[in-house]
Amino acid sequence: LPHKLPQILDRYIETGRAARMQKVLECAWRLHWWRRPHGRAFEVVVCELKRRLLGAAAGRMRMDWEACAMYCGDDTPVVINGSEWNNV
């Protein structure tokens, strides 16, 4: 399969899948980074604790990759790529 990588990447670029993947990565990397001003890992931990406190169903946290926001058990989005401190 490594010999087909250039064809696979070309296909991803042609269909727009590579651009969508890059957009998601622009948002997602912040969830794994602790330090400010860019990191949002602390917000993820607080968001999960809030979900448990509110009794949200077990499973994955709801994410909106288009808006780069996460939902912590209520319908209020927490914007990930904003520069302000989020009150989760």
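Residues numbered from 1 in each chain as written. Predicted model: local features only at pLDDT ≥ 70, side-chain atom pairs only at ≥ 80, totals over all residues. Heavy atoms only, no water.

## A few points about the sheet that holds strand β2 (residues 69-71)
Point 1. Taken in spatial order, the three strands make up an open sheet running β1-β2-β3, and their pairing is antiparallel. Only two strands of the sheet have a single neighbouring strand rather than two, namely β1 (62-64) and β3 (77-79). Averaged over all adjacent pairs, the angle separating strand axes in this sheet is 30°, with direction ignored.
Point 2. Bridge count between β1 and β2: three bridges; the pairing is antiparallel. Within β2, the residue paired with Arg 62 across the bridge is Tyr 71. (Pairing = 2+ DSSP bridges. Helix = DSSP H or I, 4+ residues; strand = E, 2+ residues; numbered from the N terminus. Axes fitted to C-alpha atoms, helices over the stretch in contact; angles between N-to-C directions.)

## Things to note about the packing of aromatic side chains
Point 1. Tallying each qualifying case throughout the model produces one aromatic pair.
Point 2. Between Trp 29 and Trp 33, the aromatic rings sit 6.4 Å apart at their centres with planes inclined by 65°, giving edge-to-face as the arrangement.
Point 3. Residue Trp 29 is classed as partly exposed on the basis of its relative accessible area, which comes to 37%. (Phe/Tyr/Trp six-rings, centres within 6.5 Å; stacked < 30°, edge-to-face > 60°. Buried < 20%, exposed > 50% of the residue type's maximum accessible area, 1.4 Å probe, protein only.)

## Side note on the nonpolar core
Point 1. Cys 27, Leu 31, Cys 47, Met 61, Cys 68, Met 70, Cys 72, Val 78 and Ile 80 together form the largest nonpolar core, which totals nine residues.
Point 2. Every residue in contact with Met 61, bar those within four places of it in the chain, is listed here: Val 44, Cys 47, Glu 48, Arg 51, Met 70 and Tyr 71. (Core = buried A, V, L, I, M, F, W, Y, C linked by side-chain atoms within 4.5 Å. Contact = heavy atoms within 4.5 Å.)

## Examining the side chain of Arg 51
Point 1. In this structure, Arg 51 sits in helix α3 (residues 41-54).
Point 2. By relative accessible area, Arg 51 is classed as buried at 7%.
Point 3. Of note is the side chain of Arg 51, whose polar atom sits 3.0 Å from the side chain of Glu 48. (Polar contact = N/O pair within 3.5 Å; in protein donor to acceptor, adjacent residues only side chain to side chain.)

## What to know about the state of the cysteines
Point 1. Tallying each qualifying case throughout the model produces two disulfides.
Point 2. Disulfide partner of Cys 27: Cys 68, at an S-S distance of 2.1 Å. Disulfide Cys 27-Cys 68: the torsion about the S-S bond is 100°, which places it as right-handed. With Cys 27 in helix α2 (residues 17-28) and Cys 68 in the loop between β1 and β2, the pair connects residues that are 41 residues apart, well separated along the chain.
Point 3. Residue classification places Cys 68 among the buried positions, given a relative accessible area of 5%.
Point 4. Two residues share a disulfide in this structure: Cys 47 and Cys 72, whose sulfurs sit 1.9 Å from each other. Where Cys 47 bonds to Cys 72 through sulfur, the torsion about that S-S bond is close to -115°, and the disulfide is left-handed. One end of the pair, Cys 47, is in helix α3; the other, Cys 72, is in the loop between β2 and β3, with 25 residues separating them in the sequence. Comparing Cys 47 with Cys 72, the two get one shared label, buried. (Disulfide = S-S within 2.5 Å.)

These figures capture arrangement, not role.
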